[in-house]
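Here are the chains, one letter per residue:
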Amino acid sequence: MFKVTARTVLELGSELISSDAIAFYELIKNGIDAGSQNGVTINFDIVLGRRDYQESKSQILSAIEGEGDPPDLSELKDELSSKLNTEADQLWDDANDLIEEADTYEDLLEALEEIDALSSITISDTGSGMSLTELDTVFLVIGTSSRKSEIDAAIACGKSRAPFLGEKGIGRLSAMRLGDRLSVRTTRTNDTHYNLIDIDWSEFDDASKLIEDIDVKPRRGEKKEAPDFRGTDIKIGKLNADWSEKRVDRLAMDDFSLLVNPLGKVSGQRIAVFWNGKRVNIRRLEKSFLSHANALVKGKYRIGDAGPELELRIELNNIGFEHPHEVSIETATADVLHGALVGPKAKRRRMNKRDLDYSALNRVGPFDFELFWFNRSIQRKGKSTGEYQALRNLLDQWMGVRLYRDGFRVYPYGSEDDDWLELDKTALASKGYALNRIQLVGQVEIGRLQNPQLIDQTNREGLRQTPEEAILKETVQFAVERLRDEMNRVTKEQKDAKEPFIADETKTADLEKRMKTAIQSIRKVVPSEHREVIQELELMREEFARYAAQARERIADMEKDADQMLAMAGIGLMVEVVAHELTRSAEDALDVLNSLKRKTVPDEIRRRLESLRASMTSISKRLRILDPLSVTGRQRKERFNLDELLNDILEAHVAQFERHQIELNVLLPDRSVQVSAVKGMVVQVLENLISNSVYWMDVEKQRKMSFRPELTISLEDNPPRIRFSDNGPGVSKQYKDRIFDLFFSLKDKSRRRGLGLYIAREAAEHNGGALMLDPDAFNEEGRFSTFDYRVVGEEP
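These numbers come from a predicted model, not from an experiment. (Residues numbered from 1 in each chain as written. Predicted model: local features only at pLDDT ≥ 70, side-chain atom pairs only at ≥ 80, totals over all residues. Heavy atoms only, no water.)

*Asks:* Would you mind showing me how to read the pairing of strand β7 (residues 271-275) here?
*Replies:* In terms of residue burial, β7 counts as a mostly covered element, since five of its five residues are buried. Of the two faces of β7, both are covered, the one formed by Ile-271, Val-273 and Trp-275 as well as the one formed by Ala-272 and Phe-274. As judged from the five bridges shared by strand β1 (residues 40-45) and β7, these two strands associate in the parallel manner. What sits directly across from Ile-42, in β7, is Val-273. In this sheet, strand β8 (residues 278-280) lies alongside β7 in antiparallel orientation, the contact comprising three bridges. Within the sheet, the bridge partner assigned to Trp-275 lies in β8 and is Lys-278. Hairpin geometry of β7 and β8 is characterised by an intervening segment of two residues between the two adjacent antiparallel strands and by a positive phi of about 45° at Asn-276. (Buried < 20%, exposed > 50% of the residue type's maximum accessible area, 1.4 Å probe, protein only. Helix = DSSP H or I, 4+ residues; strand = E, 2+ residues; numbered from the N terminus. Pairing = 2+ DSSP bridges.)

*Asks:* When you look at the pairing of strand β10 (residues 307-316) in this model, what are you seeing that I'm missing?
*Replies:* A regular strand carries its side chains on alternate faces of the sheet. By the criterion of burial, β10 is predominantly enclosed, with seven of the 10 residues buried. Relative to β10, strand β9 (residues 295-304) is paired through 10 bridges, and the arrangement is antiparallel. Its bridge partner being in β10, Lys-300 is matched across the sheet by Glu-311. Taking the residues that link successive antiparallel strands as the turn, the β9-β10 hairpin has two residues. In terms of strand pairing, β10 meets strand β11 (residues 326-332) through seven bridges, oriented antiparallel. When the bridges of β11 are listed, Leu-316 appears paired with Glu-326.

*Asks:* So what exactly am I meant to see when it comes to a nonpolar patch on the surface here?
*Replies:* A cluster of nonpolar side chains, contributed by Ile-522, Val-525, Val-533, Leu-537 and Met-540, occupies part of the molecular surface with about 420 Å² of accessible area. When residues of the nonpolar patch are traced back to their parent elements, those giving at least two are α18 (505-525) and α19 (531-596). In terms of residue count, the dominant contributor to the nonpolar patch is α19 (three residues). Considering the arrangement of structural elements, one finds Met-540 in helix α19. Take Met-540: its relative accessible area is 46%, and that puts it in the partly exposed class. (Patch = residues over 30% accessible without salt bridge, like charges linked within 9 Å, V, L, I, M, F, W, Y side chains within 5 Å. Areas by Shrake-Rupley, 256 points an atom, 1.4 Å probe, with all protein chains shown as cover. Salt bridge = Lys/Arg side-chain N within 4 Å of Asp/Glu carboxyl O.)

*Asks:* Honestly, the pattern of salt bridges in this entry has me stumped. Any pointers?
*Replies:* Side-chain pairs of opposite charge can arise where the charged atoms are in close proximity. Tallying each qualifying case throughout the model produces 42 salt bridges. Arg-177 is the partner of Asp-20 in a salt bridge, and the nearest nitrogen-oxygen pair spans 3.1 Å. With Asp-20 in helix α2 (residues 20-33) and Arg-177 in helix α9 (residues 174-178), the pair connects residues that are 157 residues apart, well separated along the chain. You can call Arg-177 partly exposed: its relative accessible area is 33%. For Asp-198, the salt bridge is made with Arg-219, and the minimal N-O distance between the two is 2.6 Å. Residue Asp-198 is located in strand β4 (residues 193-200), and its partner Arg-219 is located in strand β5 (residues 219-223); the two are separated by 21 residues in the primary sequence. For Arg-219, a relative accessible area of 40% gives the class partly exposed. In the salt-bridge network here, residues are joined through shared partners; they are Glu-326, Glu-330, Arg-482, Asp-485, Glu-486, Arg-489, Glu-493, Arg-738 and Asp-741.

*Asks:* So what exactly am I meant to see when it comes to unusual backbone geometry here?
*Replies:* Trans is the common state for peptide bonds, and a negative phi is the common state for residues other than glycine. In the segment running from Tyr-411 into Pro-412, the intervening peptide bond is cis, with an omega of 0°. Within the secondary structure layout, Pro-412 lies in the loop between β14 (408-410) and α16 (423-429). Geometrically, the link from Asn-718 to Pro-719 is a cis peptide bond, its omega value of -5° lying close to zero. With respect to the helices and strands, the residue Pro-719 is situated in the loop between β19 (710-716) and β20 (721-726). In this structure, Lys-238 takes a positive phi of about 45° despite not being glycine. Phi at Glu-422 takes a positive value of approximately 55°, unusual for a residue other than glycine. Mapped onto the elements, Glu-422 comes out in the loop between β14 and α16. Its relative accessible area of 25% is what places Glu-422 among the partly exposed residues.

*Asks:* Looking at this structure, how should I read the sheet that holds strand β3 (residues 179-187)?
*Replies:* Sheet strands associate in pairs through backbone hydrogen bonding, adopting either a parallel or an antiparallel arrangement. If you trace the eight strands from one edge of the open sheet to the other, you get β5-β4-β3-β6-β2-β1-β7-β8, paired in mixed fashion. Two strands close off the open sheet at either side, each with one partner strand: β5 and β8. Averaged over all pairs of adjacent strands, the angle between strand axes in this sheet comes to 25°, irrespective of strand direction. (Axes fitted to C-alpha atoms, helices over the stretch in contact; angles between N-to-C directions.)

*Asks:* Would you take a moment to explain the packing of helix α5 (residues 90-101) against helix α6 (residues 105-118) for this structure?
*Replies:* Viewed as axis vectors pointing N to C, α5 and α6 meet at an angle of 170°, and their least axial separation amounts to 9 Å. Considering the angle they form, α5 stands roughly antiparallel to α6. On α6, the residues that touch Leu-91, Asp-94, Ala-95, Leu-98 and Ile-99 of α5 are Leu-108, Ala-111, Glu-114, Ile-115 and Leu-118. Residue classes in the contact of α5 with α6 are distributed as eight nonpolar, no polar and two charged. (Parallel < 35°, antiparallel > 145°, perpendicular 65-115°, else oblique. Contact = heavy atoms within 4.5 Å. Nonpolar A, V, L, I, M, F, W, Y, C, P; charged D, E, K, R; others polar.)

*Asks:* For this particular structure, what's the right way to read helix α15 (residues 385-398)?
*Replies:* What sets the pattern is the α-helix's 3.6 residues per turn: residues three or four places apart point alike. Given a rise of 1.5 Å per residue, 14 residues ought to cover 20 Å, and the 20 Å separating the end C-alpha atoms of α15 matches this to within 8%. Every buried residue of α15 is accounted for by Tyr-388, Leu-391, Leu-395, Gln-397 and Trp-398. A positive backbone phi angle near 110° is found at Gly-400, which sits one or two residues after α15. (Expected span 1.5 Å × (residues − 1).)

*Asks:* Looking at this model, I keep getting lost on empty space enclosed by the protein. Mind explaining?
*Replies:* Leftover empty space is mapped by rolling, across the atoms, a probe with the size of a water molecule. Across all of its chains, the model carries four cavities of 30 Å³ or more by this definition. There is about 50 Å³ of room inside the second largest cavity. Along its surface, the second largest cavity is lined by Ile-46, Leu-48, Gly-49, Arg-50, Asp-116, Ser-119, Leu-239, Ala-241 and Trp-243. Residue classes in the lining of the second largest cavity are distributed as five nonpolar, two polar and two charged. (1 Å grid on protein atoms, 1.4 Å probe; cavity = no way out; pocket = protein on both sides within 12 Å on 5 of 7 lines; lining within 4 Å. Points joined across faces, edges and corners; volume = space filled by probe spheres on them.)

Structure representation (structure tokens):
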């Protein structure tokens, strides 16, 4: 049988309650769990601050020991009196009386200790209270399971709201964090007297004592004045921290104001704070403040009959330029969520991500969130200095995204140093608008019964790392990225939209001809003494011609540069794909070589060498496919057989298709299809379509055990086109107009770049062709399932 020393309780408290804010959080939560009708009241009765106490004690001890030139006793008494908080009223009178009664340094030291004991923090509630028996069997039992059992029963019964906010039974250790003395006075409605318990935590610091050696027993107190009164007062003395009015104000603003979800619907969670009898203001979030938000996204994650789904409502009010009020409502269904939040298992392992499974999307349970974006750079426009400063102060206080469970805050999410959604990191790496912590105000609301797998760490430093916790986090991150996508889309469509420039050499040539004719006509009628004017006009015409020629040359250079940028972007994407295949092939080759060390049979070695040769052949084919993607290769049009190129590309993917168990169907015409195009750009389009199909069929395979991935590619002539179809989840109608947008992607976070289809479409159009979703091809779920790639124009 293990034995526990008394000091273990102190160690446990210091480990589990890491800050004063957490300590108050636990004590307030206990009052709410007790069913307090008036919420929780916290009284700071401080007559002497901790720092002043320590300084005075040092001075008095120095005087007692006769060090240096000790001050006069009356001077020490006056200085100590000057340090007392005059607003402490009765405590101030009591402290001054103790000082006045001191006749020696030793008396003054004893008075100082008594004055220090006068200061206290009292947390009061009007909840159910505790009986003498409950003080002994519940309050004094660390880690009691009484509330845990009731919460488990509520989950089993399918109730909508948890009976308690806390369940671990460690809240009473919070008092230890705040001070060395604890006095509890509690009573129930049917009790005639108060029930009391006193604890001196310093007694637990004796290394020789076991926990059972500390005698702590509840006792019966005085009779109640009001027979029907119920509630609990937790009084903490011999305080450990230096409490001042300014520090309490800061605690009220930074912590108490954020303990309860400011946008929640839960009532009865009032928190009142008093400093020496004076009410401390706790700011409340005004809904009018949120009306100044420039954009917002609201999300509802639900588990329906068809599986999980995420409904997002995105609103853009004023993101930095004039535009109409934009509202977008979309619903990400199970297949989209699996692809965007979970992704292929093998990919997550290679990226060293936590292993998630599709079932976690269901186990996480329903939750809601609201995120409001404030563009700090434009907040001052149209506002007075006072209005702007007030808005900025509110934004500084409420910035961050906090997590609430049943309306009560979960620490440390949304704290000043906590970036749990990696908003700052993502904002630095993102294109377009920066959605970082200082510009977002938001909250995520979960429930103990609705989300039983989202459990706090024992030390209150966030949720335990589980697949469900990862789904919660990545869902909110996905919503932030969708908000950024919409902001970038509106900017591109309405702010950055430019009239298309059409280069027309015949127009400038016609202007030159008209100018020349006009000058000749003028020359015939102008007197000889004004011939120099005609010569000046002729010089201007020649200069115009030179500038027009230079402009046409510059336009051609810019178009060439744009093509090269497109080519380089395509190569960047292809490098990842090819590197992945080369890595896997190299690993296969190394596995073969390692296995040969243990083989002695020549025939076996021969077979292994053949396998090695096949792996190296795969690498060679991948490199041959990469060659046309070079900038020089991509910019040169050539005539080639499209069916041969298609076969080469698919042959290079044979090992990949086998690995992913993909059945490939290729439909070719009876005769070769020749095209004149930039071969590298054709390769880019096909490689991107293959990569996307493999990804989404992997996603579908993890969702459905019976799924058998199938890829169908058909080549047609007149005009040359390739139809690309798979039996994966398909593209829903709400995203059909977005999948080709720059930076739009529904893949998981590790692969969510939003460049592939955008570049593929640009590459297709460069050859005079087009890449689009076939509007008439649907899968069984009514989603688009076929890409139509017209390789070149009608006349190749």
